[in-house]
Amino acid sequence: MANLPKYRSYTLYENFLHSFYSLLQTTRIHKDDHKLVTAGISKFYDSFASCMQGESLTIKISNDHFFIQDKQLSYNRISKNLIDNMARYFNARELEGLKFSLASREASNEAILAFMRLLDSADQRQNPVAFLQTGLNLKNIDWVEVLKKPEKPQEDKLSTLKGKSERREWARKDYTYISASFKEVAQKVTSKGRVGMRKTVRVIQDMVTHLIEDDEVYSAISTLRVFDDYTFTHSVNVAILSMCIGKHINLSPRSLERLGICALFHDLGKIEVPDRILNKPGKLDDAELKLLEEHSLNSARLITKLRTSRDRKAKILLPPFEHHLKYNLSGYPYTNWKKPLTLFGRIISIADVYDAITSPRIYRKTIMSPDRALGFMLDGAGKDFDPILIKVFINMFGVYPVGTLLKLNSGELALVISSSRMKGEKAPLACIMEKDINGRYKQGATVNLAERDAETGDYMREIIETYHPSTFGIQPAEHIFSGY
Amino acid sequence: MQISKPAEHIKHSQDSLLPAQELQDTKQLVNVLLLAWKSYCLYPERHAASIKALENLESAFSVFFSTHSDLRLSVKKDSLLCESETLHEVSSDTPSEDIVSLLYRDGIQWLEFRQGLRQEELTSFFNILNKYRELEEETEGDIVTGLIDGNLEHINIKAVDTFWQDVPLIDFSNINPSLPETEDSAKHIEPEKTEQQEGPRRNDISTRSIADPSISEELWEISPAEYEELQKMVLEEENWDNTEDIFDVLLVILGSQTDQYNFSSVLDFTLEEVAEAIEQDEYGLLLNLFQSLHQLLYRDASDEHDWVRLLIEGFFQDLSSSKIFDLITAKLMLLNDSDTEKIQALRQILLFLSPTGILSLGPILIQTRSSAVRKMILEAIEYLCLRDLEPLEKLLDSPEKELGESLLPVLSRLKKGRTNKIFFKMTEHPSAKVRREGIRVLLVRDPFFVQKLFSLIDDPHKEIRKDIFAGIAMQRSSVLENMLLKYIKENFDKKDTAHILACYEALGRCGSAAATPFLRRILLDQGWNWFKGYGKLIHREGAATALALLDTRAAKNILQTASKSKFKVVREAFDKAMAKIDASGEDSNG
């Protein structure tokens, strides 16, 4: 095994697909004259030219397998992420494929960008392929042909829905299993025995596979708040949020796995802190505070007791130790630690604070809504948090993160079930929360808050205030999950 | 391992999705796979049989992939399938040894071999299977985690959960997210409650939302430079060498521990890390770690924390285990004279280890080709000897002549104290060089040691015998005198004349009047018992020499008598002795 390269680079065709996908992502975020966009086009051209053979270059998708020039791309751990993303992208636009002619090589940057933007916006249309074809005609783009998928039989449409519910089920299972495995580790590690990591690693590896395919469903499930079981739920949520950040910065699957384990165990040391201190409503005295602040150091210590390879332990030890050290190295443990925090330590610290300040705790008088939490955390950029990672975090969530409770100008309460991640677009997808006869909130209609009045151009519903859902006794995960 | 039903015996079902040829080829391939696994279980990885089996398997895959695409095998509880065709059934006799049972145990649903498969991947695959063939209760992983960690490009699996099937899935609707309405919490929310009877309780409204128009989107827009920075961060993280950071964290943790058990368990892990650092040639880091641990050792000298001292000492003792030393030895053997930095760093590290390490270091002295390494090891041994000489003593038990001689520079520099034992041990060493050095040092330290070394009078090495005689001759001693007299009496028939003469000469130099009667008898008496040696010229000559060297009145009288003896042999002995003494320039009264 030692002789095998850990990660090979992309093949020629994978490289083309990658440059295509990257350019789509970049144009979604940046303006046409942005340096990254220009660089992306250049990469796209180069990889396109390398793959072009004969008169045309065809990309096709069939049963989630990608074919370039009729050659199936190998689906493996290196290409998996890329192929999954691209397959989802094509499926959302009902595309069977794209056929680029030789003339593509002469296309201007503007034309390439126009094509990319058209393609990107097609998923919100009733008939994406027709929209694309019309758009291409209007813009005189004749060097690319849109290949339409054969009409879906009813069964196939159902299978798409099934795919969504399947993903929800994965997330629910993963959440249940990861909680169970963490509880088991926590209980055993206190009994001074060595604890095997097998179950934890298995479930984290599964999560990585699933999260790479769809991280939104995991962001949604991380809104779960359990007051009585805070430490465990918090640990799982932090693991999920950290892995989501990791996915957004393109960590490899193996690094995501490591990040997930680090984050899951970041508060392992808290199992040695008595509940009376963890749940003390009032201010902690000095001795209690000292004991509490030892938890990050103790997390690292307890990790050394886990039964797993030395290498794995060494790789997961540091971030839990660091998670209460701030970006400027203030915070605790109070040591003369002078080294810059590790990437994982910085990620976990963001996920940790976000989950903590958006969780109801008995010692805190107020709870922040997710959007306020992001505002609060942005203020700490460069001091408390890595300034770039905090931006990634905000971009990942959008300004109204999933799980934010909104008060609309209509007087309705709405829960964000899918946030808008697009630049310049703040309005998310939400479900109206209605009280039933028992005074309990239930899920009403799903509304797209980006919808505008055709005549006035005003939003149909405007957001006037945001709340933390628990202040209304709402468990966001329950509703987001059914609405997802 | 038993393969109960070879694939050929299993019938091709009527509704098979596989073409007949493909099915046949698949069965053949699976048979080769099962046989290879069988060999792999029976023989070590590097055994010719295992290597051959893997080569056969790789060839079989090459043949298969030349006409067919990727191979996906479904794993059932008791069988292995391709499409709907059963290719192998698990034997009921030894199910636990069957590859299918192992895969099934860990929840593998299917296993896929892809085109491009390499022999290294097959080896890794079998290694992983073998590693997790038997699972302990608290294990670090299993076949699934191993295969995913192994990152085998052309081997894919799909696995299902096998642990938590009985755990009920989380039901969000049953979980209350709110705080319990305790009296205390009610107090906290009271102001908000009064302000807004229906609606948010405890909702923070003082913090600005990220959606607030006053917060510009540019504040959280990621610039191209930041994207590049992110990519760099990821790259750094994925190639991060964490050894230094890990040692630092471990030291912080150790420094903060007040619990003996916790301290000990962290030290256990530190030991594992040390082994890794040696593997990685991270000697500078190791040195820092050892220095810091030593500081910890002396930081808290109170009796209350005496366990800290004991545990750290135990740690350094453990460091000197054969496992660690084997690693160090392997590294030392690779070093050349030009590796100055590494040699110096290793020297420093060795000084921290227990003197028992001398036993491992010694042999390197004769194995290494680098004189710089040899010099460094000698220095380290010399230093370690200051703490405990016993390992060096043990090392000298080794019959290796070369090893003893290599240690000479150290041995000669050993200072007084408890080192005499070592030098006496040296005098028994197979190497004459070592024995002679031992004798030299001992006689310099205390001329009376010669009494203990008397037996070396018979050493096969001439120079050593000379040294012993010289040692004896250095002092007048009744003990030595008696020893010599006894020796001479018991060895009258020795044929080595020079040795006999040397004994008499030594007797003359160390003896006293007490030896005179014996010498008189030897010199003057008749040779009636010559067959025992008495009466021979060489003994008379020796006795004359001894008497001359005794330099007493009685001795002089005897010599005078001898010079006038009517027996030629007596006069001749006298003359020879006197001539020898004259030649050596010593004063005589003969």
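Placed above this text is the structure.
Residues numbered from 1 in each chain as written. Chains lettered and ligands numbered in written order. Predicted model: local features only at pLDDT ≥ 70, side-chain atom pairs only at ≥ 80, totals over all residues. Heavy atoms only, no water.

Undergrad: Explain the interface of chain B and chain A to me, please; I cannot follow it from the model alone.
TA: By a frequent convention, interface size equals the accessible area lost on bringing the separate parts together. The partner chain A presents 115 residues to the 96 residues of chain B that form the contact. Approximately 9,700 Å² of surface area, both sides summed, lies buried where chain B meets chain A, with 60% of it carried by carbon and sulfur atoms. Remark: the boundary between chain B and chain A carries 13 salt bridges. We note a salt bridge from A:Arg310 to B:Glu276, for which the minimum N-O separation is 3.5 Å. Elements represented by at least two residues in the side of chain B that touches chain A include exactly α4 (119–131), α5 (143–150), β5 (155–159), α6 (183–195), α7 (224–238), α8 (243–256) and α9 (260–279) of chain B. Its residues assigned to classes, the side of chain B that touches chain A shows 40 nonpolar, 24 polar and 32 charged. (Contact = heavy atoms within 4.5 Å. Buried area = accessible area lost by both parts, 1.4 Å probe. Salt bridge = Lys/Arg side-chain N within 4 Å of Asp/Glu carboxyl O. Helix = DSSP H or I, 4+ residues; strand = E, 2+ residues; numbered from the N terminus. Nonpolar A, V, L, I, M, F, W, Y, C, P; charged D, E, K, R; others polar.)

Undergrad: What's the story with the pairing of strand β2 (residues 79–82) of chain B in this structure? I'm lost.
TA: The two faces of the sheet receive side chains in turn, since in a regular strand these alternate between them. All names here are of chain B. Residues Ser-79 and Leu-81 point to one face of β2 and Leu-80 and Cys-82 to the other, with burial holding for every one of them. When strand β1 (residues 71–75) meets β2, the two strands line up antiparallel, connected through 2 bridges. In the sheet register, Val-75 faces β2, and the bridge partner there is Leu-80. Hairpin remark: β1 followed by β2, antiparallel, with 3 residues in the connecting loop. Of the strand pairs in this sheet, β2 and strand β3 (residues 85–89) are connected by 4 bridges, and their pairing is antiparallel. Paired with Cys-82 across the two strands is Glu-85, which belongs to β3. Counted along the chain from β2 to the antiparallel partner β3, the turn is 2 residues long, and its residue Glu-83 has a positive phi close to 55°. (Buried < 20%, exposed > 50% of the residue type's maximum accessible area, 1.4 Å probe, protein only. Pairing = 2+ DSSP bridges.)

Undergrad: What exactly am I supposed to notice about the pairing of strand β10 (residues 429–435) of chain A here?
TA: All names here are of chain A. Relative to β10, strand β9 (residues 413–418) runs antiparallel, the two sharing 5 bridges. Within the sheet, the bridge partner assigned to Val-416 lies in β10 and is Ala-430. Sheet topology note: the β10/strand β11 (residues 441–448) ladder contains 6 bridges and is antiparallel. From the neighbouring strand, Lys-435 faces β11, where its bridge partner is Tyr-441. Between the antiparallel neighbours β10 and β11 lie 5 residues, among them Gly-439 with a positive phi of about 80°.

Undergrad: How do you make sense of the side chain of A:Asp214 when you look at a structure like this?
TA: Residues and elements named next belong to chain A. Within the secondary structure, Asp-214 is located in the loop between α7 (198–213) and α8 (216–221). A polar contact of 3.1 Å, which involves the side chain of Asp-214, links it to the backbone nitrogen of Glu-216. Here Val-217 takes part through its backbone nitrogen, which lies 3.4 Å from a polar atom of the side chain of Asp-214. (Polar contact = N/O pair within 3.5 Å; in protein donor to acceptor, adjacent residues only side chain to side chain.)

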